[in-house]
Amino acid sequence: MESAVAVTARTLEETLEGLARFTGEGPGVTRLVYDAAWRNAHRWLRERGAALGLAAIPDAAGNLYFHDRAVKPGDAPALFVGSHMDSVVHGGRFDGAYGAVAGMLIAAELRGAGKLPVVGFVTCEEEESRFRAHLMGARSMLGRVKTEELDAVKDNAGITWRAALEDARAAGCAAPLGAGAEPFRPPFRPATMLELHIEQGPVLEREGHAIGVVEHIAGSRRLIARLRGAARHSGTTPMGSRRDTLAAAAEMILAAEKLACDLGDPAVATAGNVRPVPGLFNVVPGECELWLEVRHPGAAALDAMELELQRRCRKIAAERGVEVEFERVSGLEPTPMSSALVSEAMKLARELGHSPRKMTSGAGHDAMEFAKAGVPTLMVFVPSRGGISHSPEEFTPPGALFTGYEFTRELARRLAERGGT
């Protein structure tokens, strides 16, 4: 069937450039869920979707759906293609936005093209930059949020999810909440989900691959280690008499790094923050808080990695005469993508003349939540220059972006024509 809209590389580039204009202050893109930049971007995307001949509707959480106007919302299955529209603080132009824009454009091109309607989607939130609620956009889109979260989840200013959402609703960026225990009722049911994304790492560029097909998304464990020693005068306490929690934390940071290096790829470990108390020049820190994270795509390996990190840190604490307690503040289980979709994507990429690479995503994505909900799900990556992401320097050349777009469009077309996986 002839495409309803003809999308070119320039169309994709111009739409991404347009979306990047909606940002807060500072370098790069800062677009946090429900803030002014987000609301303006939301309205602009709806206008773009309408100009492409699509219906563009928000749900009660502010997720967006782009679909053929002849397809009525309901419980009928649909092929979902998209990503998220929020960003980190001072992030890049492509993270999330690329897949979100691509989903809208693919829905326009494939309007009425098969047995399964194609719905472009934009999740309202993925980054947890404003709220610590774990993929609140994807979970609400799937009906996996309970009403109590709306009041329990707050940002750093104490604003609840419910209050922030009311601001978005007043601006026309969200539908009314549903009644009962489940306030978010999606207008479409995903039968299959495709998410196109920049890699955010160096592998595809370094190895010369245009297309990455994600087999697994790594799981994570985030721990806070709380150390207690003894606060003493820095000038009068001999080195051998100290119970220095900051020195112990420094050794634990290196132990986390060494653990990941000992295990090798794809294991990674990071110390993201350290908070000594009292934090003065002339006091040996008597308390310290250390944030640690480990990631691995294998469930058993991830569990073993967490336990080994704690063991090494406890040994350091004992040797330095300090106490340590661990709190796991969050954790994500490793998530496999649909093996059938992985096989089909690899075959299609070769058919189109690419040399695709199967890979693991070290970062979490909306796709995780869809896959965990039982939706056949696949992620497609394109190269990131220098592997840089979550930075104003994030960049993927227009040609590489369009290659990923064309590939995902063709995969979506084939799935839609036969009715899914």
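Because the structure is a prediction, the values reported are computed rather than measured. (Residues numbered from 1 in each chain as written. Predicted model: local features only at pLDDT ≥ 70, side-chain atom pairs only at ≥ 80, totals over all residues. Heavy atoms only, no water.)

A. Representation of the nonpolar core within the structure. Of all hydrophobic cores here, the largest spans 97 residues; its most connected members are Tyr34, Phe80 and Leu378. Top contributing element to this core by residue count: helix α3 (residues 97-109), with 10 residues. Excluding its chain neighbours within four sequence positions, the residues that come into contact with Phe80 are Tyr65, Val119, Phe121, Met141, Phe188, Arg189, Pro190, Thr192, Met193, Leu194 and Phe370. Counting 25 residues, the second largest nonpolar core, distinct from the first, contains Leu223, Ala249, Cys288 and Val322. (Core = buried A, V, L, I, M, F, W, Y, C linked by side-chain atoms within 4.5 Å. Buried < 20%, exposed > 50% of the residue type's maximum accessible area, 1.4 Å probe, protein only. Helix = DSSP H or I, 4+ residues; strand = E, 2+ residues; numbered from the N terminus. Contact = heavy atoms within 4.5 Å.)

B. Region of interest: the packing of aromatic side chains. Applying the stated criterion to the full structure yields 10 aromatic pairs. Here Tyr65 and Phe188 contribute two aromatic rings whose centre-to-centre distance is 6.1 Å and whose plane-to-plane angle is 45 degrees, an arrangement assigned as tilted. Placement of the pair is Tyr65 in strand β2 (residues 64-68) and Phe188 in the loop between α6 (161-170) and β5 (189-198), with a sequence separation of 123 residues. Each residue in the set Tyr65, Phe80, Phe121, Phe188 and Phe370 is aromatic and connected to the rest through ring pairs, giving one cluster. (Phe/Tyr/Trp six-rings, centres within 6.5 Å; stacked < 30°, edge-to-face > 60°.)

C. Local environment of α6. Of all the positions in α6, only Trp161, Ala164, Leu165, Ala168 and Arg169 are classed as buried. Summarising the axial view, the buried residues of α6 lie within an arc of 145 degrees, below the 170-degree limit, and thus occupy one face. Tucked inside the fold, the buried residues of α6 contact α2 (36-51), α4 (136-141) and α5 (149-152). Gly172 sits one or two positions beyond α6 and adopts a positive phi of about 80 degrees. (Arc of directions from axis to C-beta.)

D. Inspection of the sheet that holds strand β7 (residues 219-228) at higher detail. Sheet architecture is open: four strands sit in the order β9-β11-β7-β12, paired in antiparallel fashion. Since the sheet does not close on itself, it has two edges, and those belong to β9 (268-277) and β12 (323-332), each with one partner. Taking each pair of neighbouring strands and ignoring which way they run, the sheet shows an average axis angle of 15 degrees. Pairing between β7 and β12: nine bridges, direction antiparallel. Note on β12: the bridge partner recorded for Ser220 is Leu332. Across the sheet, helix α8 (residues 245-263) lies against β7, β9, β11 (287-296) and β12, angled at about 5 degrees from β11, the strand it touches most. (Pairing = 2+ DSSP bridges. Axes fitted to C-alpha atoms, helices over the stretch in contact; angles between N-to-C directions.)

E. The arrangement of the environment of Val322 in detail. Residue position: Val322 is located in the loop between α9 (299-320) and β12. Distance in space between the C-alpha atoms of Val322 and Ala248 is 7.8 Å, their sequence separation being 74 residues. The residues touching Val322, leaving out its near neighbours within four places in the chain, are Leu227, Arg228, Gly229, Arg243, Asp244, Thr245, Ala248 and Ala317.

Purely geometric stuff here, so don't read any function into it on its own.
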